[in-house]
Amino acid sequence: MTVKNKVVVITGASSGIGATTAKQLASNGAKVVLGARREERLAALVDEIKAAGGQAAYQVTDVT
């Protein structure tokens, strides 16, 4: 299954497996929307993905 041009929403995206998954999906052409509580980390991750040519956006999110 290809993820190119698909929109993928990831919660818990500011670190660990969430951040790694976001980078991997974006590098394969997915448009990622990232959610987590730590805005600084989300913003840095979005910047990193965009610098590598990917598409990303974030929203501070607490799913508790």
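An account of the accompanying structure is given in this report. (Residues numbered from 1 in each chain as written. Predicted model: local features only at pLDDT ≥ 70, side-chain atom pairs only at ≥ 80, totals over all residues. Heavy atoms only, no water.)

## Thoughts on the pattern of salt bridges
Piece 1. Per the stated rule, a full pass over the model turns up 1 salt bridge.
Piece 2. Between Glu48 and Lys23 there is a salt bridge, with the nearest N and O atoms lying 3.4 Å from each other. One end of the pair, Glu48, is in helix α2 (residues 39-51); the other, Lys23, is in helix α1 (residues 16-27), with 25 residues separating them in the sequence. (Salt bridge = Lys/Arg side-chain N within 4 Å of Asp/Glu carboxyl O. Helix = DSSP H or I, 4+ residues; strand = E, 2+ residues; numbered from the N terminus.)

## Re the nonpolar core
Piece 1. Ranked by size, the top nonpolar core spans 16 residues in total, and within it Ile10, Ala22, Leu25, Val32, Leu34, Leu45 and Ile49 carry the most contacts.
Piece 2. When contributions to this core are tallied by element, the ones reaching two or more residues are α1, β2 (31-36) and α2.
Piece 3. Setting aside its immediate chain neighbours within four residues, Leu34 contacts Ile10, Ala13, Ala22, Leu42, Leu45, Val46, Ile49, Ala57, Tyr58 and Gln59. (Core = buried A, V, L, I, M, F, W, Y, C linked by side-chain atoms within 4.5 Å. Buried < 20%, exposed > 50% of the residue type's maximum accessible area, 1.4 Å probe, protein only. Contact = heavy atoms within 4.5 Å.)

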